[in-house]
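Understanding the architecture of this molecule
Here's the letter readout for the chains.
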Amino acid sequence: PPPSKISPFFAISFFILRAKIGFFQLRIREKCEKITTFAPNMKTFAELGLCEELLQAIEEQGYEHPMPVQEEVIPWLLSQDTPNVDLIALAQTGTGKTAAYGLPVLEKLRSVEARGPKALILSPTRELCLQIADDLEGFSKHMPSLRILAVYGGANIEPQIRALKAGVDIIVATPGRLLDLMKRGVAQLSNISHVVLDEADEMLNMGFVKDVTKIIEATPKERNLVLFSATMHQEVLTIAWKYQ
Ligand code: AMP
C-alpha cells in the first residue's frame, strides 16, 4: 500500500498545538515559581504600633509575625483611648491570646504613673495564672519599672500579701484568692483601668460567676473590659452585656 501521507494541514495544526502546549507549560512553570516564592503579606509587630521595648522583647521571644488574633486585637486595643471600651474575642489557648491582650495592656501602662494596680487579669486556674504572669514578665523585660504579680489559691497567702503591699502594676489572679485579698484590704482595685477575663467561659463553668461579678464591680466604672473565651456561653454574654 502507498505510504500514508501526513496532510500539510494536519502537520501545521500539530505544530501549532505543540507550540501552544509549550507556551502553557512555560506559564504553568512561571506560576508555580511565583507560588513557591510567594511571601504572604504578613504584618510585623512594629506595624501594629508597639513601642521599642516591647518589640525588642518580642524579638527575643522568637516571635516573627503576629498571629491572627494578635493582628486583629492589638491595633484595636491600642487605638481605644476612651475608657469603658469592651471587647469579646473568641480565642482558644494556643492561638496567641495572651500576647493579644498583654502587649496592648503593657503598652498602655507604660506612660501611666499612678501608683497601685492598674490592670487586672483573671484566670480560672493557678496554672494559667502563672503562665500569663510569666508571659507578661517576658514581654515587659525591657520595662523594668513595671511590676507583675500572680496571686492564686492553693499557695501561702503571706508572700502574696507582702508583694501587694510593696506595690504592683498588674495583678494576674484566680478569682477566689483575689477576693480573699480584697477582703483583707491588701488588693486595691480603685485604680484599675484594664480588666481582662481570660478563658471567661471556663471561669464561669467552674462556678466563679459571683466572684467575677464582685471583682468587676470593685473596679472603677471607667475601665476597659476584655473577655477572651473559647465559646460564647450565655453567661459570658451576660457579663459582657451587664458591664458594657
Ligand atoms: P497562648 O494562646 O497565649 O497561650 O499562646 C500559645 C503559644 O504561642 C505560646 O507558647 C506563645 O509563646 C506562642 N506565641 C504567641 N504569639 C506568637 C507569635 N506571634 N509567634 C510565635 N509564637 C507565638
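In this text the structure is predicted, and so the values were computed from the model without any measurement. (Residues numbered from 1 in each chain as written. Predicted model: local features only at pLDDT ≥ 70, side-chain atom pairs only at ≥ 80, totals over all residues. Heavy atoms only, no water.)

With respect to the overall build of the protein
Of regular secondary structure, the protein possesses 10 helices and 6 strands. Across the 244 residues that make up the protein, the buried fraction comes to 44%. Residue pairs at least 24 apart in sequence account for 73% of intrachain contacts in the protein once pairs closer than 6 positions are excluded. Surface exposure of the protein reaches about 14,000 Å², of which carbon and sulfur atoms provide 57%. (Helix = DSSP H or I, 4+ residues; strand = E, 2+ residues; numbered from the N terminus. Buried < 20%, exposed > 50% of the residue type's maximum accessible area, 1.4 Å probe, protein only. Contact = heavy atoms within 4.5 Å. Areas by Shrake-Rupley, 256 points an atom, 1.4 Å probe, with all protein chains shown as cover.)

A closer look at the site of the ligand
Near the ligand you find Phe 45, Tyr 63, His 65, Pro 66, Met 67, Gln 70, Thr 93, Gly 94, Thr 95, Gly 96, Lys 97 and Thr 98, and these make up its full shell. The separation between an oxygen atom of the ligand and a polar side-chain atom of Tyr 63 is 2.5 Å. At 2.6 Å, a side-chain N or O of Thr 98 approaches an oxygen atom of the ligand. Here the ligand has 500 Å² of accessible area as a free molecule, and 69% of this is covered by the chains. (Near = heavy atom within 4 Å. Polar contact = N/O pair within 3.5 Å; in protein donor to acceptor, adjacent residues only side chain to side chain.)

A few points about the nonpolar core
Counting 40 residues, the largest nonpolar core has Leu 50, Leu 103, Leu 136, Ile 170, Val 172 and Phe 228 as the members making the most contacts within it. Broken down by element, the residue count for this core peaks at 7 residues, all from helix α4 (residues 97–109). Core analysis: the next-biggest nonpolar cluster, separate from the first, contains 32 residues, Val 151, Val 195, Ile 215 and Ile 239 among them. (Core = buried A, V, L, I, M, F, W, Y, C linked by side-chain atoms within 4.5 Å.)

Remarks on the sheet that holds strand β1 (residues 86–90)
A sheet is described by the order of its strands in space; here 6 strands give the open sequence β1-β6-β5-β2-β4-β3, paired in parallel fashion. Of all strands in the sheet, those with a lone pairing partner are β1 and β3 (148–151), marking the two edges. Across the sheet, the mean angle separating the axes of adjacent strands is 15 degrees when strand polarity is ignored. As paired strands, β3 and strand β4 (residues 170–173) are joined by 4 bridges and run parallel to one another. When the bridges of β4 are listed, Leu 149 appears paired with Ile 171. Those strands touched by helix α5 (residues 126–139) are β2 (119–122), β3 and β4, and its axis lies near 175 degrees from that of β3. (Pairing = 2+ DSSP bridges. Axes fitted to C-alpha atoms, helices over the stretch in contact; angles between N-to-C directions.)

Points about the environment of Phe 139
One can find Phe 139 in helix α5. Along the sequence, Phe 139 and Ile 58 sit 81 residues apart, while their C-alpha atoms lie 6.3 Å from each other. Not counting residues up to four positions away in its chain, the partners in contact with Phe 139 are Leu 54, Ala 57, Gln 61, Tyr 63, Ala 99, Leu 103 and Leu 106.

Focus: the environment of Asp 86
Residue position: Asp 86 is located in strand β1. For the pair Asp 86 and Val 195, spaced 109 residues apart in sequence, the C-alpha to C-alpha distance is 9.5 Å.

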